[in-house]
Amino acid sequence: MDANARVTAVLGPTNTGKTHYAIERMLGHRTGVIGLPLRLLAREVYDRIVALRGPSVVALVTGEERIVPDRAAYWVCTVEAMPLDLGADFVAVDEIQLCADPDRGHVFTDRLLRARGWHETLFLGAESMRQAIANLVPGVQFLKRERFSTLSYSGSKKISRMPARSAIVGFSVENVYAIAELIRRTKGGCAVVMGALSPRTRNAQVDLYQNGDVDYLVATDAIGMGLNLDIKHIAFSATAKFDGRRMRALFPQELAQIAGRAGRHTEDGTFGVTGEARPFDEETVEAIENHRFPPVRKLHWRNHDLEFGSAERLLASLERHTQNDWLTRARDADDVVSLKALSAMPEVRDRLTGPKRVQLLWDVCRIPDFRSVSEAEHAALLARIFDFLVGRGLGGGRVPSDWLAKAIARIDKPGGDIDTISKRLAYIRTWTYVAQRKNWVEDESHWRGETRAVEDRLSDALHAALTQRFVDRRTSVLLRRLKQKETLVAEVNDKGEVTVEGEFVGRLEGFRFQQDASGSPDEAKTLRQAAYQALKPEFSLRADRFYNAPDTEMDFTEQGGLMWGNSAVGKLVKGAEALKPGVEAFVDEEAGPEVAEKVRRRLQHFIDRKVAAQYEPLLAMARDETLQGLARGFAYRLAEGLGVISREAIAAEVKELDQDARGALRKHGVRFGQYTVFLPALLKPAPTRLRLVLWSLWNGLSEFPESPPPGLVTIPNIAEVPKTHYTLSGYHPAGARAIRIDMLERLADILRQKDSRAGFEATPDMLSITGMTLEQFNDLMGGLGYKGEKGERVKVKAVAVAPVAPVVDPEAVVNPIPEEVSILAPAPEEALVAEAAAEAAPEMEVFYTFTWAPKPRFQRPERGPRPERAPRKEGDAPRGDAPRGDRPPREKREGDRGPRPEGERRGPKPEGGKPQGERGDRGDRKGGGKFDRNRERDNKPKSFEARPPRPEKPIDPDNPFAALLALKGKV
């Protein structure tokens, strides 16, 4: 080294241009070496110098990468990989304050003491190293550089309120990933930078941030080492980290190193905390803002003069102490720990036959534990590599190519999640390091290229995985466009998908825009505004198309929704009348009032025409001016019931109708059934489905009952479902099932012809109408008021009629019976036994005999319980719904009222009393007393009349028995 060589310490905080100054000084010399603390930073500086001088004169040497051209003049290295025997004109070491680092400090201290350039040496670092350098480096000159911009503390901020161009710092992979995921959800995405990333992945992530695709960066403390990025704010998510042995709080100078990345060149920056990190105290804030920290008192040191006579002598030289007050022996690093572990293995000790093998063992132990596995597992791998390198000769072995190929093949798999790819990248770094060592592999250039290619593939896969997980491409593109103040281009395709700048942002369903829920909440408003730029003309075009669409493209749901194809465009609301519902259109406010009114009018036209078509008989009856008096009032009641009313509910009104009124109503299709008064045309599936919706709207139900599937004669009778719902659906509950109203009336017509007092059996016609088995029919009849008695009898088989034997030509018959068989022979014994058994066990069949025996009415949920009656006292008259017991109705009635329906027979029921009607009004009722059968029997002559004589009524001309009734009493 030239005696006049200059040694300079360039000290100052971050953003002072120290690294840039060193590069300029190195390029001013013929040759130079610069050592940097990180592989990532080394790659960045290498790219900068290559851009200035070309790749043919610039070398890059790191633990896992070695690019050395033949005419290399400038060497960019990590501090550990710096070649000290080159004799370069210029030597520089960056971040020299790392001499105080417990893990790597001994390497930086060694370069401080021993690395020198022939003409110039630079040490770049913090001002806190001034006194230590002055005492350890004779003749050093100091150059202080001031920060280009101001750094100030901004307190605590939530991640959701983090300003753009911010970097959030975490100190664990899990913390970094959690923060990145949160930013993706709230801000659209972020880039991720960690020291464990390969340079290729790190550069790709930095490009995402630098070119504005994302406005946020989540990183470890790796960004504190010289990475120059466009950062305005640094936020610490924690103020403590695990240093490999324990959790400890960060020193103020470490916080300042990271916080100093905020503010680029002359642009000011801020720093603060976020998440669960506690705000900094005033003393720490003042130290960081003013760049004033306690001076470094001790530098970590390890002896560089190693002895390789034996493993013991090597360890002893590594553990040697120093007498310098500024130096302290460094704790055992990973290479020393590995050396101790391997030298204790018998198979390794037996091969340490000379200094060269001991030195080879030391080189093997210096392979970093990139995989971060256990010490034992890492030591086992190093022992295997050492065994390969020793070989049969004196250090003349190589790592076998086939073994290395298999190890690399297991790693060369770019698929998987982030953690899997990161682990494979860590594994390939081990083999990249091995391939970079001279004479360790058979074909060095091949394996260096192979490991580099695998690392590149894994790096690209990791970058893609990080981007896919932590970057919302859509939001990042839109943010960049907005930042550039460009007009966003939005489009709507035929499927209603809305895109802005080619990115999907939502879907147009009918006349409402459904924004994509995966978008970030902070940018939702911007996305929505951009989408409506394209939707304004689309709303008008779609409204015109909807207004001219036929009714066949529209429909209503069973809950009152209005559909246009598969899109909901409105809903039904309660109108002035049950048959005149209103509509509410689903139209976004941004579409404008004209579009909303056009959609509403079209929906109203649709439902009005639907009601008019389905309920034409009911509407025609309401318009018939010939209906007067009771008939018109009854028509109004039918309109209220939407064409179907339980006869029990209107028994009094039915009783008051004369034959002329009934005839006028029948002309409109009204049928007075025994159980229901209805219009048969309105029992079809379409009117029934609409009736349930209209009735539910009119009565203000929150959930509408659904109509049964079409074609079913019976459906289950669920006690929790009100009877009204069954009636509106066109069914009458009876027993465990409910039967369709029209089928029930057909069944009632058959039952009228039966003797319900003496009893009758179910006929095939009855079972055919209901579609039930005999047991199911018995339950149905029980629900209708009949009692079924089960019986069993011998099944009567149909008598087979012997066919008439055809005339046969006797000459054409040839031996009809074999000669050996006698027709007079007795039957075999087995045949006789079978015949006797058949006669002894005839086939039986089950039958039911039905008689009229009405049961107490079923109490449905909507009705309150009847008041309890007082206990019966001795001498009281017998009680019951009918004074004469459970008698079946007369088989024939005047008109079409059938066998005395319960509602017509009893009449209106007074409050708190038993049913009143023709059957319950006989006898002495003075003072509200009970009917006394004994007194009736004593005072009146015996009569077989079922009830008092009824007043004569005019004969209904439409009654098919009108002619017979006219002859009554004349014959």
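Residues numbered from 1 in each chain as written. Predicted model: local features only at pLDDT ≥ 70, side-chain atom pairs only at ≥ 80, totals over all residues. Heavy atoms only, no water.

S.K.: I keep staring at the sheet that holds strand β34 (residues 786-794) and nothing clicks. Help me out?
M.R.: Paired through backbone hydrogen bonds, the strands of a sheet run either parallel or antiparallel to each other. Spatial strand order, β33-β35-β34: three strands in an open sheet with antiparallel pairing. Edge positions in the sheet fall to β33 (760-761) and β34, since each has one partner strand and no second. Examined bridge by bridge, β33 and strand β35 (residues 844-852) share two bridges and lie antiparallel to one another. The residue of β35 that forms the bridge with Phe 760 is Phe 850. With respect to the sheet, helix α28 (residues 774-783) is in contact with β33, β34 and β35, its orientation differing from that of β35 by roughly 10°. (Pairing = 2+ DSSP bridges. Helix = DSSP H or I, 4+ residues; strand = E, 2+ residues; numbered from the N terminus. Contact = heavy atoms within 4.5 Å. Axes fitted to C-alpha atoms, helices over the stretch in contact; angles between N-to-C directions.)

S.K.: What's the story with the environment of Leu 339 in this structure? I'm lost.
M.R.: Relative to the helices and strands, Leu 339 resides in helix α10 (residues 334-343). For Leu 339 and Ala 379, which are 40 residues apart along the polypeptide, the C-alpha to C-alpha distance reads 8.6 Å. Contact partners of Leu 339, with chain neighbours within four places excluded, come to Leu 314, Leu 315, Leu 318, Leu 361, Trp 362 and Cys 365.

S.K.: Just to check I follow, could you spell out the pairing of strand β26 (residues 580-585) for this structure?
M.R.: For strand β25 (residues 567-577) and β26, the ladder comprises five bridges, and the chain directions are antiparallel. Across the sheet, the residue bridging to Val 573 is Gly 582, located in β26. Linking β25 back to β26 in an antiparallel pair, the connection comprises two residues.

S.K.: Before we go on, may I ask you to explain the confidence of the model for the protein chain in this structure?
M.R.: Any segment with low pLDDT has predicted coordinates that should not be analysed in fine detail. On average, residues of the protein chain score 82 in pLDDT, and 80% of them are at 70 or above. Ranking the elements of the protein chain by mean pLDDT puts helix α30 (residues 902-906) last with 41 and strand β6 (residues 90-93) first with 97. Residue range residues 821-825 is modelled with pLDDT below 50. Its contacts to residues more than four positions away, or to other chains, number one contact. (pLDDT = per-residue confidence, 0-100.)

S.K.: Can you walk me through the sheet that holds strand β27 (residues 644-646) in this structure?
M.R.: Spatial ordering of the open sheet is given by β27-β29-β28, a layout of three strands whose pairing is antiparallel. This sheet does not close on itself; its edge strands, each paired only once, are β27 and β28 (671-672). As paired strands, β28 and strand β29 (residues 676-678) are joined by two bridges and run antiparallel to one another. Of the residues in β29, the one forming a bridge with Arg 671 is Phe 678.

S.K.: Mind showing me how you'd approach the nonpolar core here?
M.R.: For soluble globular proteins, the rule of thumb is that nonpolar side chains tend to be buried together. In terms of nonpolar packing, the biggest core is built from 89 residues, with Val 76, Leu 112, Ile 133, Ile 234, Phe 236 and Leu 299 touching the most fellow members. For this core, the element with the most residues is helix α2 (residues 39-53), which contributes six residues. Residues within four places of Phe 236 in sequence aside, it is in contact with Val 169, Phe 171, Leu 255, Ile 258, Ala 259, Gly 272, Val 273, Thr 274, Ala 277 and Phe 280. Of all hydrophobic cores here, the second largest spans 67 residues; its members include Val 176, Ala 180, Ala 435 and Leu 466. (Core = buried A, V, L, I, M, F, W, Y, C linked by side-chain atoms within 4.5 Å. Buried < 20%, exposed > 50% of the residue type's maximum accessible area, 1.4 Å probe, protein only.)

S.K.: Please clarify how the packing of helix α6 (residues 199-210) against helix α16 (residues 444-470) should be interpreted in this entry.
M.R.: Relative to each other, α6 and α16 sit at 30°, their axes nearing to 8 Å. For the crossing formed where α6 meets α16, the hand is right-handed. The segment α6 lies against α16, with Pro 199, Arg 200, Thr 201, Ala 204, Gln 205 and Leu 208 engaging Glu 455, Asp 456, Ser 459, Asp 460, Leu 462, His 463, Leu 466 and Thr 467. Residues belonging to the contact of α6 with α16 are distributed by class as follows: five nonpolar, five polar and four charged. (Left-handed = near helix turned anticlockwise from the far one by under 90°. Nonpolar A, V, L, I, M, F, W, Y, C, P; charged D, E, K, R; others polar.)

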